[in-house]
Each structure stands twice: as structure tokens, then as C-alpha cells.
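# Report on the structure
Single-letter residue listing:
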Amino acid sequence: MHILKFGGTSVGSVESIKQVIAIIEQHRQNDTSIAVVFSAMGGVTNQLIEIGRMAITGETDYMELVRRIEDRHFNIVKTLIPVKEQGKVVAHIRGIINELEDLLRGVSLIRELTLRTHDLITSFGERLATTIIAECVKSRGIPAQFLDARTIIKTDAQFGQAGVNYTLTNELVKAHFDKVAGTAGAPVQLITGFIGSTEKNETTTLGRGGSDYTASIIGAALNADMIDIWTDVDGMMTADPRKVPNAFNIPTITYAEAMELSHFGAKVIYPPSLQPAFARNIPIRVLNTFNPTHEGTLVSRTAERRQYTITGISSIDDIALVNVQGSGMIGVAGVSAKLFGVLAAHKISVILISQASSEHSICFAIDPRGAENVKAVLDAEFATEIAHGHIDNIAIERDLSVIATVGEGMRKSSGIAGKLFSVLGKNGVNIVAVAQGSSEINISVVINKNNLSKALNALHNIFFQSEARVLNLYLVGTGLIGKTLLKQIFDQNEFLRTEKLLKVCVVGMTNTRKMLLAPRGIDLDSWQERLLTEGVTTSLPAFVEKIKDYNLPNSVFIDCTSDKDIVQFYESLLDANISVVTPNKVANSGPYSEYRRLQRTALNRGVKFLYETNVGAGLPIINTVQGLMTAGDRFLKIEAILSGTLSYIFNTFRIGTSFADVVREAKEKGYTEPDPRDDLSGQDVARKILILAREAGFPLEPEDVTINNLLPDSCLSAPTIPAFFDELERNNAYFEALLTSAETRGEKLRFVAGFENNKAVIELRSVGPEHPFYMLSGSDNIVSFTTERYKERPLVIKGPGAGAEVTASGVFADVVSIGSYLA
Ligand SMILES: NC(=O)C1=CN([C@@H]2O[C@H](COP(=O)(O)OP(=O)(O)OC[C@H]3O[C@@H](n4cnc5c(N)ncnc54)[C@H](O)[C@@H]3O)[C@@H](O)[C@H]2O)C=CC1
Ligand SMILES: N[C@@H](CC=O)C(=O)O
Ligand code: NA
């Protein structure tokens, strides 16, 4: 025997009922013997409750609502039952509605609605729906029979949530089905869900999940092979898809997992109502009436081997935490008995409990609507202990959520809690309380409500690993480097997704004109167009505020500008657990205290502040220095060529050519700063040697760097970029003279930065063929580190140190390393 149960949405409309009939026909064709349980048409139970309420208050419009229910049912008859049979069915329905109307007239006369009558009124929903569907099924030539569950499910008289008399019920169910099996044609039993009756034949209802309960009771009594719960979603999902867009279907789940998940708000099924089936080890499938070929979710005693260690993540979005604490609780037996005793006596349901082994405090989560009441109750109950100072005041904390990570797989593997706390920590989600039952299949954490979505998505992303981890990027600056970076991300995304399980998603971008924020991602093959058409006028403060508001997990802010003002936002971004990656040297080359503060903030927040491209573009210079420092080496001397622009210029400039033109070429090749005066003035190199010295452990200030000028004063003081180029033209002879003097000695011009004995000096030198800096070409940078461990021969890094591709690539590598760190 196979039991099918269809919920309210499955029987809510003409179309869905057609679908239901098709599913029943399918089973008949497959020759499975079935019994089918139905809920009321979607919304009808609530309408009946409302009608009852109106009837006692004497509001007469309730008849209008009754008419609406009647019409909805008549409409099914008119569309799904052949005309010649309609009269009979309409009369039948009318008869049932008359009975309801008589009952309501009684209620409105005596102005009283007992729970008993309330149950009777609500029973009409299932009775009407099942009656009609039975007629529809029969009119299709399928042998079928309406079965009023009140004749087989016997309960006590606890109206509203009646307790089932299993002994009697099981007997009646078996007897009925035995009798049906002996009947010619063995008609399919179409059964009203949700209702039963007392021994005195008074109508009762079975409480929450009532129709599932009916299916479960009958399935258990008949020892069914399977129970199918037909609903309007493709089974249970790894998380609520409204909160976690990447959630997906769970093919198999155990009873225990289903129970834990549903306690934490996953509402597809209500497992307590399936208890009779669980007890008999009857598998239950959750299926979608509107997508009947989908495999749905199989709930059974043991789940098959899983790909993931956890099965699902669920949450209760709004809870309050009650904290009872005090020195008088330590080692005193009976405090928790008293506490939970009084909560039970006041019918206060506790969602989660946590007590540390110090016994100094117990905290528990409750529905926030009851928080005031709980406080009053506990204040009264513990008045003496509070007065004597044994217990501090009872404290209530609000605006919290609880997230439950559930899975049988957690029982056997270590590191799950570590992963969970680590991912929340790296995303700046503070954990207010934790609970793990000894069954080990649920770890619950209480967090601030405003972090709920971020936490759910971050956890889902990390635990369901075959799904790529998402990095959410916000890019400021879509100039040379920014644009190249976007292109590189676009080209590399597929590789990162498949090979590194990393999904890099650009969710915001801005330049000086327009900004665009799109938490669902911006397509990188058309970002220019989107920024132009959908972007709004740039406001950096607004952009940053929005980033914080979105509170997306694994967020990275990328500054691809050379702007000085933007730097002021770094600290607050890091503070909000957003990593920062930048080629912009401004932040790291201001006052030492500011440099230090950013480092500290990132460290304290567990996020990253990365700037490999501050020195030597994509060359691994900063990482190398940091690596040596971490390993305890000490820096003695740094000597370097750190300007790609100046390297290019001195490798290209020849007597008889225009120095200004060579500078223009460097700019066109993407080597210069947005303002090339920064390069030629030595400013850019000064920043770099300062940053290197700081990374090497020396707290230098900008004024500790001496720049021996390369340019004549008139060039240095040029007020605009065009004026600067004019001055360069005018001073061509000066540059030729520099070059000639070097060449006559067989040397080359090099703009060298040096750091030794706490002093940094930058100057133009001419070096001979024996010098390691002689053999450079193009935009090459070179840096030579003499350290305690690299004393005899220095550690040297050399290669192109400027240009769009190599710089963007260095920025990209920083971004990807954050992806690995977060994983
Ligand atoms: N070119 C190279 O080889 C290297 C460059 N860098 C650094 O990369 C950074 C970017 O350089 P480029 O791309 O060449 O500059 P760029 O001038 O081509 O682009 C700068 C972008 O930033 C935007 N921007 C500037 N201020 C802004 C603000 N306040 N709000 C929003 N957007 C703003 C501009 O609209 C533009 O889109 C600079 O800091 C530079 O020092 C670092 C290493 C190497
Ligand atoms: N303008 C810089 C670019 C890298 O920082 C240079 O020329 O080196
Ligand atoms: Na670098």
C-alpha cells in the first residue's frame, strides 16, 4: 500500500486538481494500490476560522465568506465534472454547506464558540475538498470512494489538537481497508485529512501538520510501503531559497535531520506529525505536484552516503535570549530545575539552551513576543535570590537570530565546528551563544539579526563545497588598471570556478562619474554599458555605506585609483570585515601611525589588507619581504630600481631624441602614474621605498626619505600636465647632458632607491657594466635585499615593474588569495 497526501496548494485550483488526478491515474496504471489523503483547498481553513470568529461577534457578513467558499468549490464541479453529473454533485455540496450554515447560525445566536464547535467548523474544509475530488476522480472512471476520516481515526476530546487513540484507530483502519480490499473493483479510498472524532463521534482536529498526520497514522496502521507528501516545492532544500539563492534540493534526509531542520524553521514538512510513520520505518517522499517528475526528498531512517558533511542550514529569524547569571548558581543543585520548571508551568517554550561548565550563567532562547512575560515570571520566581545578590538581574537580549547547521555527517567528522566558527569570524559575525546537542547532529549559534543573511550565505557557501565559494568584489576605479582587472577576471572566471571552486562576482563598481551596485552581480562582458545606463552619479561615501548595508559574505573592496581621499574609508571597511586590495600607494605612504592602524585593524578583524602591487607592480616583492619577516629574518640593506617609468625612460632615451616624447611613450604604455609628474619627481619611488622599509620593520615617516631631484626646478613646479611636458621639451639639453656624461664613462643612468641605517635616499646614478643594475631593459624593476640570512649574496627580484597587465594581475592574485584564505 502506498499513501499519497496532497496539501492545500495541490488542491487549491482547477489546474492543480487536474494535476492531482493525473498523479492518481498514473499510480493506477502502475498498478500500485493507493489511498489518498487531502487537505482543504488552500486558504479555506483560515477562512473558516475567520467565519467562526465573525459569527460569535454577530458580524453578519460571514455569509458572504461562506458564499465565496461555496463558489470556489462549485467552480471545480463546473470545470472538472461532466455536465450531466453536475446536478447531483452540486446538490451534495449544497447539503454540506447547509450543514455549515446551520452550525454558524447557532454560533451567532448563542455568541459562543467552543473549541468543540471550532473543530467542527474547520472540518468542513477537508470534507468539501475531498468530496469534490472524489467526484472528479469517479467521473474519470476510476473506482473511488470518499472516506470520512472521522469514521476511522479515533481521538480523545482535546479539541484543537486531539490525541489519537492508536489502538482503536489501528483496528478501525485495518478493518476498513480489509473490507475495501474484498469489495469488487477495490475502490481507491479518498480520505479527509486533519480530522478525527471522539468515541462519542464528536468531530476533532489533529493540530499542526494535521493532514500529514492523517497520512502517517493510516500509513502506519496499514504498514504502508511508502508515504508521498505532495506539496508545491521540490522537496526539502539545503536552506531557505528566499534567503540563500544557492540553496538546492536535498535528495535524502534522515528522520532525525528532518526533525532538527524543521524545528529551526524549515517548513516543508512538520516532522512531529510524521512520527507514526517514522516509528514504523516507513519511508516518506516529499514531492512537488507542479513538477511531478522531480525526485523530491526521501525521508527515511538512514540516508545514503552523502557528498557533504552537513545536510542543511536553517534559522529562526527572530528570537530573544534570556540570561540568568550569578555567583549563587555555581555548584547549587536545582537552579536549572527551578528555572525550567517555572518556564514549563507558564507554558513558555524554549528554543535553545546553553550553559557553560562554570555554571555561572544559563542562557536560553525564546520567542521574543513572550520576552516581557518571561522576565516578569522569572523576576518573581527568583525574587529572593536576586535580592540576596545570588542571581543578577534577569537580562533579555533582543534582535537576535539562531542558525542551525544540521547533518548526520557531523557526528563522525571533526572540524565542522571549527569551520563554522572560522567562516563566521572571518565575516565579522559575532556569536552570542552556542548550543550543540550530544546527538551531534545540530550545532546552533545565536547571532545578531542583521547578520543573518550574510551568515547563512557564508555557511552555505563553505559547507556545500562543490558549489564554488563566492567572493563579492566592489571595484573603485575603472581606469587602466581597473578595466584590465575586470577583463582578466572575465577571462579567468571559468577556470577559477571549475579548478579553484571560486566564483568571483563583481557586485559593485564606480569611477569618478558613475557608480553601480548590483548584489546579484554585474556581467563582465557588458559592464561598461551597464555602468553607463544603470549607474547613478558617484558618491564614494554612499558607495561605501551601501557596501556595509548589503553586508554580503566574503566581500572585498578594490581601490584601483590613485585618489587620496578614498583611503579614509579603508579603516571603516576593514572594521566592517571587508577585505581591501589596492595598487594605490597613498594609504601605506602617509604617516606611519595610519599605516600601522590599517594593519592592526585588518589583523583584529581577521580580514585582509593586501597591496602587493604597491611596489614593483605584479612582482612578488611585498610578499617576499613579509615572508622573510614572518620567518624572523632581519633587513640590513635595500637597493632597488622601483620605477617602471624611469627604467623605461633611461633604457630608451638616446641622444638626438626628445626626452618628453619618451615620457609620453611611457605613459601610453601604461607605465606612468595617472599623473606622470608623480614618477619623474621621484614621489612614486619615494612612496615605494618607504613602504618597503616599513614592511621590513622600520617605522619610517615620509620625511625620512631624501629625494635628490632628477628634474630641473622649472619641470618640478609645472602647474599642469601639459605645462610639465612643455618644460620637459625646453630642458631637452639638460637630459642629453646627463646621458652624455654617463655614456662617456661607459655607464647607464639609473634612478636608484636605497635604504640602510634607517635612512632612505633616492637619486639618479650612473652605473657601470659590473653593477647588477646595469643590465636592465624595458620597464624592469630590480630590488636587492641584504638581510641577516642573505648577507653574502643578496636576494634579488627582477622583472617588469609597471604596466596594465602585470599590475592588474598582481591585484587579481591578491583577490584570489583572499578567496583561498576565506575557504
Ligand atoms: N600603471 C601601473 O603600472 C601601476 C599602477 N599602480 C596604481 O594603480 C592605480 C590606478 O592607476 P590607473 O589605472 O593607471 O589610473 P587611471 O587614472 O587610469 O584610473 C583611475 C580610475 O579611478 C577613478 N577614480 C579616481 N578617483 C576616484 C574617486 N574618488 N571615486 C571613484 N573613482 C575614482 C577614475 O575615474 C578612473 O576610473 C594607481 O594608484 C597607480 O599608482 C600601481 C602599480 C603599477
Ligand atoms: N608608475 C609606476 C607604476 C607602478 O607603481 C612606475 O612607473 O613604476
Ligand atoms: Na609587487
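You'll find the structure just up there.
This write-up is about the structure you can find in this document. On a predicted model such as this, the values are computed, not experimentally measured, just so you know. (Residues numbered from 1 in each chain as written. Chains lettered and ligands numbered in written order. Predicted model: local features only at pLDDT ≥ 70, side-chain atom pairs only at ≥ 80, totals over all residues. Heavy atoms only, no water.)

## Details of helix H7 (residues 210-221)
Put simply, the rule reads: Here a helix means four or more residues in a row that DSSP labels H or I, a strand means two or more in a row labelled E, and each is numbered from the N terminus. Expected helix span is computed as 1.5 Å times (number of residues minus one). Note on classification: 1.4 Å probe, protein chains only; a residue is buried when its accessible area is under 20% of the maximum for its type, exposed when over 50%, partly exposed between these limits.
Taking 1.5 Å per residue, 12 residues should reach 16 Å; H7 reaches 16 Å between its end C-alpha atoms and fits that length. Of all 12 residues in H7, 12 are buried, a share of seventy percent or more. For H7, every residue scored as buried is listed here: Gly210, Ser211, Asp212, Tyr213, Thr214, Ala215, Ser216, Ile217, Ile218, Gly219, Ala220 and Ala221. Just beyond H7, the residue with positive phi is Asn223, at close to 50°.

## Here's the deal with the coordination of the sodium ion (ligand 3)
Worth spelling out the cut-off: Each metal's donors comprise the N, O and S atoms found within 2.8 Å of it (within 3.2 Å for Na, K or Ca). Water is not part of the atom list, so some coordination spheres may appear incomplete.
Only Glu612 (O), Glu612 (OE), Val615 (O), Ala617 (O) and Leu619 (O) from the protein coordinate the sodium ion (ligand 3), and they sit 2.3 to 2.5 Å from it. Donor residues binding the sodium ion (ligand 3) come from one chain and are separated in sequence as E-x2-V-x1-A-x1-L. Relative accessible area serves as the criterion here: at 0%, Val615 is assigned to the buried category. Overall, the relative accessible area of 5% leaves Ala617 in the buried class.

## Overview of the site of ligand 2
Note the threshold: By convention in these notes, a residue is near a molecule or strand provided one of its non-hydrogen atoms lies within 4 Å of it. Polar contacts, as counted here, are pairs of nitrogen or oxygen atoms within 3.5 Å of one another; within protein the pair requires one atom able to donate a hydrogen and one able to accept it, and residues that are adjacent in sequence qualify only if both atoms are side-chain atoms. The Shrake-Rupley method, run with a 1.4 Å probe, gives the accessible areas here. Residue values count only the displayed protein chains as cover. In this classification, the charged set is Asp, Glu, Lys and Arg, the nonpolar set is Ala, Val, Leu, Ile, Met, Phe, Trp, Tyr, Cys and Pro, and all remaining amino acids, among them Gly, are polar.
Around ligand 2 there are 13 residues in total, and Gly644, Thr645, Tyr671, Glu673 and Asp679 lie nearest to it. The side chain of Thr645 places a nitrogen or oxygen atom 2.5 Å from an oxygen atom of ligand 2. Taking Tyr671, its main chain carries an N or O atom lying 2.7 Å from a nitrogen atom of ligand 2. Protein contacts shield 94% of the accessible area of ligand 2, which totals 250 Å² for the unbound molecule. Each residue belonging to the shell around ligand 2 can be placed in one class, and the counts come to three nonpolar, five polar and five charged.

## Observations regarding the sheet that holds strand S28 (residues 780-787)
For clarity, the cut-off: Two strands form a pair only when DSSP identifies at least two bridges running between them. Fitted lines through C-alpha atoms give the axes, limited to the stretch in contact for helices. The angle between two N-to-C directions lies from 0 to 180 degrees. Any two residues whose heavy atoms approach within 4.5 Å at even a single point are treated as in contact.
Ordered by their spatial adjacency, six strands build an open sheet running S25-S27-S26-S24-S28-S29, and the pairing between neighbours is mixed. On the outer flanks of this sheet lie strand S25 (705-707) and strand S29 (795-800), each paired with one strand and no other. Mean inter-strand twist for the sheet, computed between neighbouring axes without regard to direction, equals 20°. Pairing between strand S24 (residues 635-641) and strand S26 (residues 748-756): four bridges, direction antiparallel. Bridge assignment links Ala640 to a residue of S26, and that residue is Ala753. The sheet strands contacting helix H22 (residues 644-652) are S24, S26, strand S27 (759-767) and S28, and the helix crosses S26 at an angle near 150°.

Geometric descriptors of this kind do not, in isolation, establish any biological role.
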